[in-house]
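# Coordinate analysis (summary)
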Amino acid sequence: MFDLSFYNGKKVFLTGHTGFKGSWLSRILIKSGAILTGYSMEPPTEPSLFKLADIGNEMTSIVGDIRDFAQLKQSFDEAAPEIVLHLAAQPLVRDSYEHPVYTYETNVMGTVNILECVRQSSTVKSFLNVTTDKVYQNNEWEWGYRENEPLDGFDPYSNSKSCSELVTHSYKNSFFAGRDVAISTARAGNVIGGGDFAANRIIPDCIRAAESGRDIIVRNPASTRPYQHVLEPLFAYLMIAARQYDDISLSGWYNVGPDECDCLTTGELVDIFCQKWGGIKWINQSDNGPHEANFLKLDCSKIKKVFGWQARWHIDEAICKTVEWSKAYLNKQDIRAEMDRQIAVFVGDVR
Ligand SMILES: NC(=O)c1ccc[n+]([C@@H]2O[C@H](COP(=O)([O-])OP(=O)(O)OC[C@H]3O[C@@H](n4cnc5c(N)ncnc54)[C@H](O)[C@@H]3O)[C@@H](O)[C@H]2O)c1
């Protein structure tokens, strides 16, 4: 089984460390003893988990644009990493309709730039590109997508991540055959958890409504998404990066998603949130926003078969942990301590 102590003393380069997933991932890596360098723009939200938990003070935190190859390369070479985790992205579907050029520049050329650093490096042994479940051509059918199905996201965000996948495949084929550098991608579904302050995401919308005593407005209650707690894919990323470091034959393209029983509609998700939070309700109110997929499920047979991976928290537990974190935040408790507590509970759940 995967052991976090693998990261003790390892040099890790993480892009997107100031974001929601990046902050949690940085905290896990720091607690595991990794020598961590992060490279990202400033936190994308105010407030942000990165600042609330003062994530930057136990790592080398560099503020830089992934599109700026010269600055990225200099930071990368100074860090001389063995492991690279690429999360920096413009990750919002709605923003991608407003800023398609910026989205493609960041998500596609950003991937080219980081892979170019890896190509020119003599230290890297393991690279993981974090993409999304939205990379697939969505047929709105009830089956889960498998890793060998066509990549052709609909909107600029999803499509830019399909392109980011293809860039990774080309680099792997063109430049890494015969080299001892493992290259993988991970396609995870929507995540929930404490510390996400992004606009137009359902759980942050729920918490903002709860905080201000309003009803929660749900734009698309019938849409089905593979929701998971944020720690699930993060531990899967760390597992893939660690296992392929020792065995390059494990590198590849992996879906990371919940079990069938945890694939909910957004309405069902918000029902559970209301029940756990108490004293709040939701209303269905479409704002006629741009096209978003209605039905999206992943087939995760591959990661289960190759690594014996299993999701640990069912959706009830995932929402509970999100509510606990958010109440700790609203009650002005120690956010970093709450993160550490949840990470410890998650790790303790490993059989
Ligand atoms: N949150 C989800 O539900 C979800 C689901 C699937 C995949 N993902 C992927 O996970 C990754 C992290 O997502 P998140 O939810 O933490 O997003 P986030 O917006 O919280 O964080 C994005 C990070 O990327 C950085 N960034 C953005 N543009 C940049 C640029 N031009 N140069 C350098 N850094 C830049 C930001 O500063 C931040 O650190 C993304 O690649 C996203 O596509 C997220």
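Structure report, in brief. (Residues numbered from 1 in each chain as written. Predicted model: local features only at pLDDT ≥ 70, side-chain atom pairs only at ≥ 80, totals over all residues. Heavy atoms only, no water.)

Tyr 7, Trp 24, Leu 29, Leu 85, Leu 231, Leu 238 and Ile 303 are the most contacted members of the largest nonpolar core, which has 61 residues in total. At 11 residues, the largest contribution of residues to this core is made by helix H8 (residues 231-246). Excluding its chain neighbours within four sequence positions, the residues that come into contact with Leu 85 are Val 12, Phe 13, Leu 14, Thr 15, Leu 25, Leu 29, Leu 128, Leu 238 and Ala 241. Ile 203, Ala 209, Val 218 and Ile 280 belong to the second-largest nonpolar core, a separate cluster that totals 22 residues. (Core = buried A, V, L, I, M, F, W, Y, C linked by side-chain atoms within 4.5 Å. Buried < 20%, exposed > 50% of the residue type's maximum accessible area, 1.4 Å probe, protein only. Helix = DSSP H or I, 4+ residues; strand = E, 2+ residues; numbered from the N terminus. Contact = heavy atoms within 4.5 Å.)

With that settled, consider unusual backbone geometry. Across the junction of Glu 46 and Pro 47, the peptide omega takes the value 0°, indicating a cis bond. Take Pro 47: it is sitting in the loop between strand E2 (35-40) and helix H2 (49-52). Unusually for a residue other than glycine, Asp 54 sits at a positive phi of about 50°. Within the secondary structure, Asp 54 is located in the loop between H2 and strand E3 (60-63). Taking the relative accessible area as the measure of exposure, Asp 54 reaches 40% and is therefore partly exposed.

Taken as a whole, this structure holds 20 salt bridges when the rule is applied. The partner of Arg 67 in a salt bridge is Asp 65, with the nearest N and O atoms 2.6 Å apart. Residue Lys 281 pairs with Asp 215 through a salt bridge whose shortest N-O separation is 3.0 Å. With Lys 281 in the loop between helix H9 (266-277) and strand E13 (282-284) and Asp 215 in the loop between helix H7 (202-212) and strand E8 (216-218), the pair connects residues that are 66 residues apart, well separated along the chain. Assessed through its relative accessible area of 49%, Lys 281 is described here as partly exposed. (Salt bridge = Lys/Arg side-chain N within 4 Å of Asp/Glu carboxyl O.)

All right, on to the packing of aromatic side chains then. Tallied over the full model, the rule gives 15 aromatic pairs. Between Phe 6 and Tyr 7, the ring centres sit 4.9 Å apart and the planes meet at 85°, which makes this aromatic pair edge-to-face. Note on Phe 6: relative accessible area 15%, which makes it buried. Above the plane of the ring of Tyr 245 lies Lys 10, whose end atom (NZ or CZ) is 5.3 Å from the centre. (Phe/Tyr/Trp six-rings, centres within 6.5 Å; stacked < 30°, edge-to-face > 60°. Lys NZ or Arg CZ within 6 Å of the ring centre and 35° of its normal.)

At a minimum axis distance of 11 Å, the contact between H7 and H9 shows a crossing angle of 35°. Considering the relative orientation of H7 and H9, their crossing is right-handed. Of the residues in H9, those touching H7 at Ile 202, Ile 203, Cys 206, Ile 207 and Ala 210 are Thr 266, Leu 269, Val 270, Phe 273 and Trp 277. Taken together, the residues of the contact of H7 with H9 break down into nine nonpolar, one polar and no charged. (Axes fitted to C-alpha atoms, helices over the stretch in contact; angles between N-to-C directions. Left-handed = near helix turned anticlockwise from the far one by under 90°. Nonpolar A, V, L, I, M, F, W, Y, C, P; charged D, E, K, R; others polar.)

The next subject is the environment of Ile 62. Within the fold, Ile 62 resides in strand E3. We classify Ile 62 as buried; its relative accessible area is 18%. Ile 62 sits 69 residues away from Thr 131 along the chain, and the two C-alpha atoms are 22 Å apart. Apart from residues no more than four positions distant in its own chain, Ile 62 is found in contact with His 17, Thr 37, Gly 38, Tyr 39, Ser 40, Gln 71 and Ser 75.

For helix H11 (residues 315-330), which comprises 16 residues, the first-to-last C-alpha distance of 22 Å matches the rise-based estimate of 22 Å (1.5 Å per residue) to within 8%. Taken residue by residue, H11 has Ile 315, Ala 318, Ile 319, Lys 321, Thr 322, Val 323, Trp 325, Ser 326, Ala 328 and Tyr 329 as its buried positions. A positive backbone phi angle near 60° is found at Lys 332, which sits one or two residues after H11. (Expected span 1.5 Å × (residues − 1).)

Attention now moves to the site of the ligand. With respect to spatial proximity, 29 residues lie near the ligand, and among them Thr 18, Phe 20, Ile 66, Tyr 157 and Lys 161 are the closest. Between the ligand and the protein, one listed contact pairs a nitrogen atom with a backbone N or O atom of Ile 66 at 2.7 Å. Contact between the ligand and Leu 87: an oxygen atom at 2.9 Å from a main-chain N or O atom of the residue. For the ligand, whose unbound accessible area comes to 830 Å², protein coverage reaches 94%. Every element with two or more residues in the shell around the ligand is listed here: helix H1 (20-31), helix H5 (100-119) and helix H6 (156-175). A breakdown of the residues in the shell around the ligand according to their chemical character gives 13 nonpolar, 11 polar and five charged. (Near = heavy atom within 4 Å. Polar contact = N/O pair within 3.5 Å; in protein donor to acceptor, adjacent residues only side chain to side chain. Areas by Shrake-Rupley, 256 points an atom, 1.4 Å probe, with all protein chains shown as cover.)

Spatial relationships are all this shows, so hold off on functional conclusions.
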